Every structure is written in C-alpha cells, then in structure tokens.
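Below, each chain spelled out in residue letters.
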Amino acid sequence: MYTLPKIERFNQNVRSKYHIYNSVFITLPFDAIDNTGVLLPLFSEVCENGFKNNASPIEIVNSFADKYLDNPSENEKINLLFRFIQYVERQIVLFDAIEDAAFPIVNNMEGKGSIRDSRERADTKELKQELVSFLKEFKVRPVLTAHPTQFYPGSVLGIITDLTEAIRENDLTKIKELLAQLGKTPFIKKEKPTPFDEAVSLIWYLENVFYQTTGEMLQYIQKNIFKNQPISNSIINLGFWPGGDRDGNPFVTTAITLKVADRLRTSILKCYYNDIRKLKRKLTFSGIDVIISELENKVYRSVFYSTGEIFITLNELKAKLQEIKSICIEKHQSLYLDEIDDLLNKVIAFGFHFATLDIRQNSKIHNQVIQNIIDNLADKQVDYFSLSEDKKMEFISTVSSAVLDKEVYDEITNQTLDSILAMKKIQENNGELGANRYIISNNESALNVIETLSLFRICNWENPAVDIVPLFESIDDLHKADAIMEQLYTNSFYTKHLKNRENKQTIMLGFSDGTKDGGYLMANWGIYKAKEAITKVSRKYGIKVIFFDGRGGPPARGGGKTHKFYASLGSDIDNHEIQLTIQGQTISSNFGTTDSCRHNLENLLSAGVSNQVFTKKENDLSASDKQIIEELAAIGFAKYLDFKNHPKFIPYLEQMSTLNYYSKTNIGSRPSKRKAAEKLDFSDLRAIPFVGSWSQMKQNVPGFFGVGAALKHFEETHRWDKVQKLFDSSLFFRTLLENSMMSLAKSFFPLTQYMKNDEDFGAFWQIIFDEFLETKRLLLKIAGHTELMENYPDGKASIVMRENIVLPLLSIQQYALMKINEIKKGRSDPKLLPVYEKLVTRSLFGNTNASRNSA
C-alpha cells in the first residue's frame, strides 16, 4: 500500500484530530471558566490580526475588551486573562497527547536511523561482522537531569499518558472524561519540589518507559544481529542527576543522595519482580518452577520488606536466570526463551542500580574545601596557597586520611566529604555502577582534578572505583582543555588512578554555558575543536577518552537534531560512546513514551553506527573547511561579545524579559542563580533561565546571534561559494546551521515590536531584530529555501500549530510585562503590581510546555 508523505500523515493524525478534540474540549463545562471556551478563539484571532497590524499587546487586549466585553474593569480583564491561561495550558496538553499518540504513524519507526536500517545497511555493504564488533563495545548513555524546564506536575503527566492511549483507540467517551478531568486538575505546584521529589518524578520514566524500551531494543539486537548469542555489552546505560547534582543546589544533601540511590535500587528490583511474576505464569515446567518461585520470593522480600535488606545478589540473580535458560533449552524445546532472554538483557543493562547516580560539585566549592582542610592541618609549615600549581598538585596528592578531622571542618567541607563517603555506601548496596562518577563543574585546571581525587584519599578511599570527570564549559576552558588533560596524563598520582580505571577518561563538555559565554557558532565549534585536541592528546598517552555532552533542549543549549551531530564527527574525534544529558521537558517530549523513547535511542545508536561502521573518514573536515568554520566562529564570537557587553544587555533581560520570574515557578529545587546576590551577575546566571527568557520573548538570541554577521562577511568578501560548498558537503556544518534555523522558526518578533519605540531599549531591540533578519536571509540563501525548516515540513507544521495555540499566552505575558513597566515608571496603579507579576509567572508554564525544547 502507498505510504503517505510525512506531512500528510501529520495533517491526518495530528492537525485534524486536534481540531476535532479541541472542539469537544471547548464545549465542556468547567467550574469558574464560564464562557472562556467561546471567547478564547476570538481573543486568539484579535491577537493574530493585531500583530499583523503592528499593535502592542496592551492595544490588543484593550481592543478585544472593547469589542467583546461589556465595559470591563481592569480586574475583570485580568480575571479573564487568567482563565485564558488555564484554558490554553490544557489545549497544549491535548496537543501533546495527540502528537504522542500519532508518533509511530507520523515517524517511520523502521526507517532511516532505526536499528533495523543499520542492520540492513550492514547486510547490503557486507559489514555484518563489523556491526557486531561495534555493538560489543559501543554504548549510549542518556543522563536524566532535574534541570527545571518541565512544568507538568505528575497528575497532569498521568492524564497525558491516559489521554494518549484513549486517542490511539479513538475512545471518544474516555477522551471526554479525561478532558473534563484535565479541566479540573491544578497545573501549579504550591511549593518547590525537593531533590527527592524530582528524582521520584524522573524514576517514573525509568520504570514505565526506559525499562521496557531498552529491553525491546536489546532483544531485537540479540535476535537479528547477534543471531541469538548472548550480549555481554549493555549497549544502553542510563545516568541520573537528581539527588546527586550538588552544583548550586544547597538542598541536595547526603541523606537525599542515599535516599535516591535506595529508591533507584528498589525501583529496578520492582521491575524485575513484575517480570518474574509474568515469567512464573508461563514457566510452569518441572525443574524450572521451583527456581522461579525462589527468585520471586527473594526479589519480593528485597523490594517490600521495610528493613531495606537485600536478599539476593546481582550475580545470584544472573546465575539463576542462566540456569532457567539452560533447562528451558535442554528440556523444554526453548519455550518462552525470548521472555527469559528479555529479562536477562535487562538485568545486564540495569543491574541493581537502574541508572548511575552522578555526583557533581563546582570546583569553586572544592577550593573552599581544600582551604578549610589545609587551614586545619596539624603541620602548617607549608604555605599551600603560595605554591605554584605543580607544587600544589605534588603536595595535595600526598595528604592522607590521617588528617581527617570532621569536628574542626566547616559545614561545606563535611558535606563534600560526606558525598564521597555516600558514593562508597551506594556502591556497596547497588554495585559500582550505582555511583561511580564525580563531575567537577567549572573545571579550570589540572589542579581542580587532582584536588578532587585527593579528597577521596582524605576520606580513606584508596584506589576508588570512581571516574573523576572534569567539565569544561567556558570558551577559555574549552581552548585549554587538551593542555589540562596532558598535565593530568603525565601526573604520576593521576596516571595511577587512570590505570585502576582501565585507562579510560570521561570528559564532560558544556554546550549551555559555552553558548551563553561565546555565542552559538563559537560554542559549537569550540567544543568540536576541544574534542579533536583532547582526542589527539589522549591517543598520544594511550588513554581511551569518552566524551559526555551537557546538552539542553533547544539548539542554543546543544539540542535540536542531536543525533546528526554525532553522526557527523570525523575520525579525529574518538566516539566510543554517546553520552549526553536529557533535561526537563526534553525528557517528556523525546523520551516520554515507549515509541518516542525507542525512536530517539535508536537514532543515537544508529548515529554511532553510521559514524564508526559506515562512513568512518567520510565526515573528516579538511584543513580549508576548518579554516572557514574558524573564521565564521571568530566573526560570530566578536558580534556576540559586542552584544553581550552592551550596557543595555543585562537591564534588557531584567526589565523586558521573564528572567526574574523563573525562581517563582516552583518547578525545580535548584535556585536560578548560583549566588544569592541581589544584583545580577552574568557569570552567576544559569543557562536555563538565560536561554528560557529569550525563548519566552520569542527572540531566541542564543540560537542564532552572530550567525548572520559571520555569513554576511563571506558574502561581502565574495567568498560565498566557499561556505556554500561547505554546507553542501559537511554534515556537521549543515546540522549546525539547520539547528539555528529551528531557533529562527520559533522566533516571533511582532510580539515585541512595540519595544522598538521604547526610550531605553528601542535601539537594543533593533540590534537583535536586524541580526535576526540577516541570519534568516542568509540561512535561507545557503539552504536554497524560501521558508525556514522547509526540508522538515512535519516539524515545521508542529511548531506552527504550537505557536498558534500559545499566541494568546504570549500576548498576555507581554501585556503583563508592559503593565509592570508602566507601574515602575509611575504611570499605572501600583496596587495591581503583584497581580501582573503573577500573570507573568503563570504564563511561563504554558509557553514553555508548548515549545517542548525551549530551555
């Protein structure tokens, strides 16, 4: 049968269904919502026409009130705007559920980027053995973080799940019930979640999505690529940050860390218990029934007994399952062998840890800890802080646990040492993979790494089964990362540690802060160059380097078409594993259902296959290619630096954006700034509220600023043919620019065009708008398109629909911000200030959820 094009599948299964079910939704009666469902489409139409005619948000709201309301007071208008927000929030949930339900129809689950496609390509190219060898070593590690970009409370996520299933089945009665439930379910969290609350929320995805999906993927690989031979490599590893990420989050304590680790172990054992019960119903054969009953009993006690005691070891669980498998093959004609293999593969992948709990702390905190320990040494003959870096590393690496005296240390020192001791405890209960990575954020030197490793020795943990992971974030740190690693590779204290870790070194690179620091082009190119330089020095010293990318949702934070970046890496970059953070709303949008999770995990795995098995050196950039990108990045960096140093830059974010409102949303336990200072310091500003604030204004500056200036330089110097050739031939460069196009496609400058007349910020807004126009013109030119994202029509259609749904929210948010500024300038009633501020905060939720990868 003829398969419809992707855009037609989208139109049939998403666009049409949304309009049908939305028409049902707006007719349902809700308490206190009155005729909101009738008025909202009218307000949306007024917004759309208003922006076309260059009206401001205040003019739009007043125009709507004059036309459709009976001489309302300001309070009556505000109450209606709040009801609009409630309605639109639920329309977005409906659209999410419809897209999730249609995912396997709109997307070809067995097409390009799938494991099946990789297998068939290997068969065609006679590379079957190469593919098997690759899968024996390669790993994909998504690391779930609790970064606050997810606004749906658990109750709403549950409704989305049920609604998705009802839509798949076209069960109109159930859909109406769930939409009615949705209308009465609060979207707002009255209190900030604790780090443990965040962990529990994300463990839901581990239990209900990743567990099943990983098992299905491994079973497919085992049957179709390994020809039913056992897979010793887990292939899919999971990482976890909630409860372990201490950087800038004072609420993550040792008790929380241990509690999260216990919850992870209990959760995976519960998953095993449920599978064992299902197996028990099938494996009723002589010789197996007794073994499976014994397993069920031991796992049950390990999960449900309140003592916390574990009644079975991981090795025993594996051995018993292997014994069951052998008996099944030898005596029972391999009946239900697939189900046994499925559980075995899951046990190999998840152990007793489920996901590795990473511990992270800032190097500046470590500096304080080291100083506190040095200040309390009995022998104070060495003036540590006056020593050179080499001498400091030499001295601190000799300090032993004999100095440990927690009674004299300050609170932050004891907390840091306790977090290390917690890792040891977690490894005892959950296995080494329970917590075996200590990440140093803001890593600026080799000394930062040596001091961190020394803390393990001070804690009396010799030869720790822990990887010390430096995180390089700023442009300067990325530039010197290879030199720092060479210092470490030639340091005897550290090389001894590496030897114990099988000469493997994991290095984390931060896209978010890199973009915030140096702009879009320089951040991406800086990380690419850092990977090449680190790979070179690692190969020189025989170290297997593994890169861990700190990526967010939008292109400005390393998101977008992520798998294409990994497929595009040249042979000068080691690509033994794909490790990346999955943050906030990206977890629910890209990994929220078994279909989307499988699709995106397979895309990442296939990117590694493509890079290592099929293309190998085809992606290598030539010296001239690199020179072109270097020049583009330098020009873009200069443009962004001038912009960032503009005297209006910080005031614009503080006064004209939603930046100051992120901390009021109660969506994450972590503060929005690293320090509690009243005055905003750009270096302390976290990347999420920074990028998110530009997204809320629909300006998306971090995803494009400087790109237009860089391309324009090549156009004006009559070298356009060089960048055009590079775009046509390089997957890396093409993906880089296509992701920037996504940022442009999600921008909507008519929303803020009123700012161009602002006496304080008009000229600054114009700088942004001019760069947007230039970037759009030149990206369309290089792609040969007339519209942004022309080559991704379904993706573009989804963005357009979401932006249309959310347009009233955007208008309301800007209306409230304009009113707040009027009050601060003494032009409006100050009594309404708290109400307008609440209006801004409430509008954040729907705007962010609609974007799905805004921060």
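For the structure, check the block above.
Residues numbered from 1 in each chain as written. Predicted model: local features only at pLDDT ≥ 70, side-chain atom pairs only at ≥ 80, totals over all residues. Heavy atoms only, no water.

## Some remarks on the overall build of the protein
Here is the rule we go by: Helix and strand definitions follow DSSP, with helices as H or I runs of at least four residues and strands as E runs of at least two, each counted in order from the N terminus. Contacts are assigned to residue pairs with any non-hydrogen atoms lying within 4.5 Å of each other. By the counting scheme adopted, Arg and Lys are positive, Glu and Asp are negative, and His together with the chain ends is not counted. Here the site of a charge means atom NZ of a Lys, CZ of an Arg, CG of an Asp or CD of a Glu.
Within the protein, the secondary structure is distributed over 34 helices and 9 strands. Once the C-alpha set of the protein is aligned to its principal axes, its extents read approximately 80 × 70 × 60 Å. For the protein, contacts bridging at least 24 residues in sequence account for 81% of all contacts bridging at least 6. Where the 105 positive side-chain charges of the protein centre and where its 107 negative ones centre are 2 Å apart.

## Looking at the packing of aromatic side chains
Basically, it comes down to this: By convention, a stacked pair of Phe, Tyr or Trp rings (six-membered ring in the case of Trp) has centres within 6.5 Å and planes under 30 degrees apart, an edge-to-face pair has planes over 60 apart, and any other such pair is tilted. For each residue, the accessible area found with a 1.4 Å probe, counting protein chains only, is set against the maximum for its type, and the residue is called buried under 20%, exposed over 50%, and partly exposed in between. Any Lys NZ or Arg CZ that is within 6 Å of a ring centre and within 35 degrees of that ring's normal is treated as a charge sitting over the ring.
Taken as a whole and assessed by the stated rule, the structure comprises 48 aromatic pairs. Relative to F311, the ring of Y305 has its centre 5.6 Å away and its plane inclined at 80 degrees; by these criteria the two rings are edge-to-face. The class for Y305 is partly exposed, based on a relative accessible area of 40%. Its end group placed over the ring of F311, R301 keeps NZ or CZ at 4.4 Å from the ring centre. Its guanidinium or amino end placed over the ring of F761, K648 lies 5.4 Å from that ring's centre, counting from NZ or CZ.

## What to know about helix α33 (residues 793-824)
The criterion, for reference: One fewer than the residue count of a helix, multiplied by 1.5 Å, yields its expected span. We define the bend at any residue as the angle between the axes fitted to the seven residues before and including it, ending there, and the seven starting there.
In this model α33 runs 44 Å from its N-terminal to its C-terminal C-alpha over 32 residues, within 8% of the 46 Å that 1.5 Å per residue would give. At V806, α33 is deflected by roughly 50 degrees, the largest bend along its length, and proline P808 occurs up to four residues later in sequence. Counting buried residues along α33, 25 of its 32 residues qualify, which places the element largely inside the surrounding structure. Just beyond α33, the residue with positive phi is G826, at close to 75 degrees.

## Thoughts on the sheet that holds strand β8 (residues 544-550)
Heads up, the condition is: Pairing between two strands is assigned when DSSP locates at least 2 bridges connecting them.
What the 9 strands build is an open sheet, ordered β3-β2-β1-β9-β8-β7-β6-β5-β4; its pairing is parallel. At either end of the open sheet lies a strand with only one pairing partner, and these are β3 (356-357) and β4 (359-362). The pairing of strand β2 (residues 239-240) with β3 spans 2 bridges and is classified as parallel. Within β3, the residue paired with F240 across the bridge is L357.

## Details of the packing of helix α14 (residues 363-375) against helix α17 (residues 446-458)
Keep this limit in mind: Inter-axis angles, ranging from 0 to 180 degrees, are taken between N-to-C directions of lines fitted to C-alpha atoms, where helices are fitted over the stretch in contact. Should an angle fall under 35 degrees it is taken as roughly parallel, and over 145 as roughly antiparallel, whereas 65 to 115 is taken as roughly perpendicular and any remaining angle as oblique. Crossing chirality is assigned from the near helix's rotation relative to the far helix, an anticlockwise turn below a right angle marking it left-handed and a clockwise turn marking it right-handed. Side-chain classes follow a simple rule in which Ala, Val, Leu, Ile, Met, Phe, Trp, Tyr, Cys and Pro form the nonpolar group, Asp, Glu, Lys and Arg form the charged group, and the remainder, Gly included, forms the polar group.
Packing of α14 against α17 leaves a shortest axis separation of 10 Å and a crossing angle of 55 degrees. Classified by the interaxial angle, the pair formed by α14 and α17 is oblique. Both α14 and α17 take part in a crossing whose hand is left-handed. Contacts between α14 and α17 involve S363, H366, N367, V369, I370 and I373 from the first element and N448, E451, T452, L455 and I458 from the second. Of the residues belonging to the contact of α14 with α17, the class tally is 5 nonpolar, 5 polar and 1 charged.

## Looking at the state of the cysteines
In a disulfide, the sulfur atoms of two cysteines are covalently bonded to one another. Let me state the cut-off plainly: Only a pair of cysteine sulfur atoms within 2.5 Å counts as a disulfide in this structure description.
Taken as a whole, this structure holds 0 disulfides when the rule is applied. C597 carries a free sulfur, and the closest cysteine sulfur to it, the one in C271, is 13 Å from it. Residue C597 is classed as buried on the basis of its relative accessible area, which comes to 0%.

## Description of the packing of helix α31 (residues 731-745) against helix α32 (residues 762-783)
For the pair α31 and α32, interaxial distance at closest approach is 10 Å and the crossing angle is 135 degrees. If you check the angle between α31 and α32, you find them oblique. For the pair α31 and α32, the sense of crossing is left-handed. Facing F733, L737, S740, M741 and L744 of α31, the residues of α32 in contact are F772, T775, K776, L779, I782 and A783. Partitioned by chemical class, the residues of the contact of α31 with α32 number 8 nonpolar, 2 polar and 1 charged.

## Digging into the side chain of Q696
Basically, it comes down to this: Here a polar contact means two N or O atoms within 3.5 Å. Within protein one must be a hydrogen donor candidate and the other an acceptor candidate, and residues neighboring in sequence count only if both atoms are side-chain atoms.
Inspection of the secondary structure puts Q696 in helix α28 (residues 687-696). Q696 gets classed as buried once you look at its relative accessible area, which sits at 2%. Of the polar contacts made by the side chain of Q696, one reaches the side chain of Q813; its length is 2.8 Å. Within the structure, Q696 has its side chain in polar contact with the side chain of N847 (distance 3.1 Å).

## A word on the nonpolar core
To keep it simple, the criterion reads: The term nonpolar core refers to a set of buried residues drawn from Ala, Val, Leu, Ile, Met, Phe, Trp, Tyr and Cys, joined through side-chain atoms within 4.5 Å.
Counting residues in each nonpolar core, the largest one holds 259 residues, and the members touching the most others are L206, F240, Y272, Y652 and W694. The element contributing the most residues to this core is helix α4 (residues 74-106), with 17 residues. Counting residues in hydrophobic clusters, the runner-up holds 7 residues, among them I439, V469, M508 and F548.

## Quick notes on a nonpolar patch on the surface
What counts here: Note that patches include only residues with greater than 30% relative accessible area and no salt bridge, and the join distances are 9 Å for like charges and 5 Å for nonpolar side chains (Val, Leu, Ile, Met, Phe, Trp, Tyr). Computed by Shrake-Rupley with a 1.4 Å probe, the accessible areas treat only the displayed protein chains as cover when residues are assessed. Basic side-chain nitrogens of Lys or Arg form a salt bridge, by our definition, when they fall within 4 Å of a carboxyl oxygen of Asp or Glu.
A grouping of Y300, F304 and Y305 is seen on the molecular surface, where their side chains present a nonpolar patch of about 300 Å² in accessible area. Position of Y300 among the secondary structure elements: in helix α11 (residues 289-304).

## A closer look at unusual backbone geometry
Look at N170: it is not a glycine, yet its phi comes out positive at around 55 degrees. Here N170 shows up in the loop between α7 (154-168) and α8 (172-184). In the Ramachandran plot, E502 falls in the positive-phi region, its phi being about 60 degrees despite a non-glycine side chain. Assignment of secondary structure puts E502 in the loop between α20 (492-500) and β7 (504-510). Residue class for E502 comes out exposed when judged on its relative accessible area of 62%.

## A short note on the pairing of β8
Judged by how many residues are buried, β8 sits mostly within the fold: 6 of 7 residues are covered. Note: β7 against β8, 7 bridges, orientation parallel. By the bridge assignment, I507 is partnered in β8 with F547. Bridge count between β8 and strand β9 (residues 577-583): 2 bridges; the pairing is parallel. The residue bridging D549 from the neighbouring strand is L580, located in β9.

## A closer look at the environment of I160
If you trace the backbone, I160 turns up in helix α7. Non-local contacts of I160, meaning those with residues more than four positions away in its chain, are made with V93, A97, D100 and Y152.

## Some remarks on the pattern of salt bridges
Any two side chains of opposite charge can pair, so long as their charged atoms come close to each other. Tallying each qualifying case throughout the model produces 54 salt bridges. A salt bridge links D262 to R265; the nearest nitrogen and oxygen atoms lie 3.1 Å apart. Within this pair, D262 and its partner R265 are both found in helix α10 (residues 254-282), separated by 3 residues, close to a single helical turn. By relative accessible area, which is 34% here, D262 ends up partly exposed. A relative accessible area of 6% places R265 in the buried class. Of the charged contacts, one joins E738 and K564 as a salt bridge, the two residues approaching to 3.9 Å between their closest N and O atoms. Taken as a pair, E738 in helix α31 and K564 in helix α23 (residues 562-567) lie far apart in primary sequence, 174 residues in all.

## A closer look at the side chain of T841
Following the sequence through the fold, T841 ends up in helix α34 (residues 833-851). Polar contacts involving the side chain of T841 include one to the main-chain carbonyl oxygen of E837, which spans 3.0 Å.

## Some points on α31
A rise of 1.5 Å per residue sets the reference length of α31, with its 15 residues, at 21 Å; its end C-alpha atoms lie 21 Å apart and thus fit the reference within 8%. α31 sits mainly inside the fold: 12 of its 15 residues count as buried. Residues F732, F733, T735, L736, L737, E738, N739, S740, M741, M742, S743 and L744 constitute the buried set of α31. Where α31 is buried, its residues meet α22 (520-540), α23, α26 (623-644), α29 (707-716), α30 (720-729) and α32. With a side-chain oxygen lying 3.4 Å from the backbone nitrogen of F732, the N-terminal cap of α31 falls on S730.

## So, the environment of F25
By the secondary structure assignment, F25 is in helix α1 (residues 6-25). On the basis of relative accessible area, F25 is assigned to the buried category, the value being 0%. As for F25 and N107, which are separated by 82 residues in sequence, their C-alpha atoms are 27 Å apart.

Shape is all these values report; function is a separate question.
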